[in-house]
Amino acid sequence: MRKFYITSPIYYVNAPPHLGHVYTNVVADVLARYHRLKGYDVFFLTGTDEHGAKVARSAHKAGKEPKAFVDELAAQFQEAARTFHISYTDFIRTSDQGKHWPGAQKLWKQLDDAQDLYKASYKGLYCVGHEAFVTDKDLKNGRCLEHDIEPEVIEEENYFFRLSKYVSKIKEAILADTLNIKPPARRNEVLAMLEGGVEDVSFSRPSKDIPWGIPVPGDDTQTMYVWCDALSNYISALGYGRTNDENFRKYWPCDVHVIGKDILRFHAVIWPGMLLSAGLPFPKSIFIHGHILSGGKKMSKTLGNVIDPFQLQQEYGTDAVRNFVISEIPSFEDGDITIERFREIYTARFSNGIGNLVSRIATMIERFFNGEIKKPDQALLDNLPLKITDAACHVLGEEKTEESFYSSVQAIIHTEERKYHQALEDFNLNRAAQSAWLLLRHCDWYIQEYQPFKLVKEDKNKGEAVLWNAATLLLAGAWFLRPMIPETAEKIFEIFNVGSGGELLSWNEITGKSIQPLFPRLDLDT
Ligand code: MSP
């Protein structure tokens, strides 16, 4: 069985999870589910990044000991993962001394053995938001461009990692795509970073200032730099540095690290440098998504535009949130969410879209065919082409082609199936979801065009074939959406009694009965 190891970043536990964190996790989850459905042995890792100044300060502000504070917040991140049906294999916490520390410390020792760690005095500007030293180009009027805080002047002695030594090897791997960075714009961004010159990185902090962290092996006056600690989670969770490292041997190298654009340098430059130093293989790919903006601006407490994922979930359900972030946010760029837009999409895609189609088709099967239709002769099915009007093409933003005008339902499904798989191979989750929504719109138009509820009275066989084709478009749409909205897809397969979807288009009977709406209409006043 082919293996697929996928990771999400590990989340800082300085504040409760917000929609941006849920986004990264859903993206990784869709890819994990997709590969499971394709028969891969998937290991999906997520977790929390619990050390460092940022977390320690938040604990202090909350009047709590760091350990008690991170326990509470890590539980909230675990709750978020449950709420949004994140199908992780393991959840790593960097404060876990038994599970994470041995790997982080072993990796440190490997870098040390390779003589890639040296002590030096350093004076620089440290941004706690970044958990990194910043330079003038990261600042505007003395404040960090990204976090809008003033960095602190730090002058201390610490260990440095000889990252500069590995620049050309990292570049070679990226150019050869053995370290595949997607999308291409981010790959170019990393190459430009490497071209621009890379300095060695401060890899520890004095423990008197930063006691909340992993002690440097052999020197307890220092704690590991939080990013050195955090990046090693990708191997420590698999057992690296522990007696049982079977998973490490089985799953490393990672197939894909899913990350947001703000942490590109750490993953595409520092992490490969660490792996080279330790003599370990690179991850195969890194997929970088954009950010979710709220009303056109970065979500932030100060701006008051943070969207609470738990509240959204309570009001609209897990799949509505999962669908929004996948279907409405472009996979490689920033995307915007407002509550108004969220509600519009819920209504269009769910209440008026998939939910309405499910109940219309299920009711027709019950009413006109005693609750079951059987696969008609292929010749009959092929005589019912999918005619798409100019208006439909316009709405879909589709090119007018012979195929999109006159092909059969099966042909349209096969065309979209190819595009769907290709999109997922390219990590273009948004494009993959569009294939599903396209089939569902075709389903709607197909019913409008052939009016099966009238046709059955004139020609029952033809009526059944039309209904079969409509149900097929709907089921194929649900089949495509299995990794994105698993619960809804499963409900649809149950309603039409087609197992768990099985192979695409493998259905021989489709049953249906009238049901309560899957997605109730929103009350316009609320
Ligand atoms: N702890 C580090 C990651 C260490 S991985 C070895 C970290 N944590 S974070 O909590 O700040 O961010 C975690 C992930 O959430 C990142 O991929 C980040 O891009 C993502 N997001 C945080 N805010 C986001 C949005 N508003 N939109 C989309 N994703 C964003 O960085």
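Rules behind the numbers
Here the residue numbers are simple positions, counted from 1 along each chain's written sequence. Per-residue local features are limited, in this predicted model, to residues with pLDDT of at least 70; the limit for side-chain atom pairs, both in listing and counting, is 80 or more; totals at the level of whole chains, interfaces and linings are taken over all residues. For the side-chain quantities, the full set of heavy atoms in the structure was used; hydrogens and water were omitted. UniProt positions are given in the numbering used here, feature names are shortened, and annotations may be inferred rather than shown by experiment. The secondary structure listing takes helices from DSSP runs of H or I that are at least 4 residues long and strands from runs of E that are at least 2 residues long, numbered from the N terminus. When accessible area is computed with a 1.4 Å probe and restricted to protein chains, residues below 20% of their type maximum are described as buried, those above 50% as exposed, and intermediate ones as partly exposed. Residue contacts are counted whenever heavy atoms from the two residues lie within 4.5 Å of one another. Two strands qualify as a pair provided DSSP detects at least 2 bridges between them. Here a cavity means grid points, on a 1 Å grid over the protein atoms only, where a 1.4 Å probe fits yet cannot get out; a pocket means an open set of points with protein on both sides within 12 Å along at least five of seven lines; lining residues are those with an atom within 4 Å of a point. Grid points are joined across faces, edges and corners, and a volume is the space filled by probe spheres set on the points.

**Student:** Would you take a moment to explain the UniProt feature "domain: Aminoacyl-tRNA synthetase class Ia" (unreviewed entry) in the protein chain for this structure?
**Tutor:** Per the UniProt entry, the sites bearing "domain: Aminoacyl-tRNA synthetase class Ia" (unreviewed entry) are residues 3–94 in this numbering. From the first C-alpha to the last, residues 3–94 spans 25 Å; its make-up is 50% helix and 25% strand.

**Student:** I would appreciate a short explanation of unusual backbone geometry in the present structure.
**Tutor:** Both trends apply: most residues other than glycine have a negative phi, and most peptide bonds are in trans. Of note, the amide linkage connecting Lys 182 to Pro 183 takes the cis form, showing an omega dihedral of 0°. Tracing the sequence through the fold places Pro 183 in the loop between strand S9 (180–182) and helix H6 (184–195). Even without a glycine there, the phi angle at Gln 115 is positive, about 60°. On the basis of relative accessible area, Gln 115 is assigned to the exposed category, the value being 60%.

**Student:** Help me understand the environment of Ala 433 in this model?
**Tutor:** Relative to the assigned elements, Ala 433 resides in helix H18 (residues 429–450). Spatially, the C-alpha atoms of Ala 433 and Asn 323 are 8.6 Å apart, while their sequence positions differ by 110 residues. Excluding residues that lie within four positions of it along the chain, Ala 433 makes contacts with Ile 326, Ser 327 and Met 484.

**Student:** Just to check I follow, could you spell out the pairing of strand S3 (residues 90–93) for this structure?
**Tutor:** Regular strands have side chains that alternate between both faces of the sheet. In S3, alternate side chains face the same way, and those of Asp 90 and Ile 92 on one face and Phe 91 and Arg 93 on the other are all buried. One ladder, built from four bridges, connects strand S2 (residues 41–49) with S3; its direction is parallel. Bridged to Thr 46 within S3 is Phe 91.

**Student:** Would you take a moment to explain the layout of surface pockets for this structure?
**Tutor:** Taking a probe equal in size to a water molecule and rolling it over the atoms shows the remaining empty space. If you add up the space inside the second largest pocket, you get close to 1,000 Å³. As for the second largest pocket, its lining consists of 30 residues, of which Phe 133, Thr 135, Lys 137, Asp 138 and Arg 265 are closest to the centre. The set of elements that each furnish at least two residues to the lining of the second largest pocket consists of strand S5 (132–134), H6, strand S10 (201–202) and helix H10 (264–278). Of the residues forming the lining of the second largest pocket, the biggest block, four residues, is contributed by H10.

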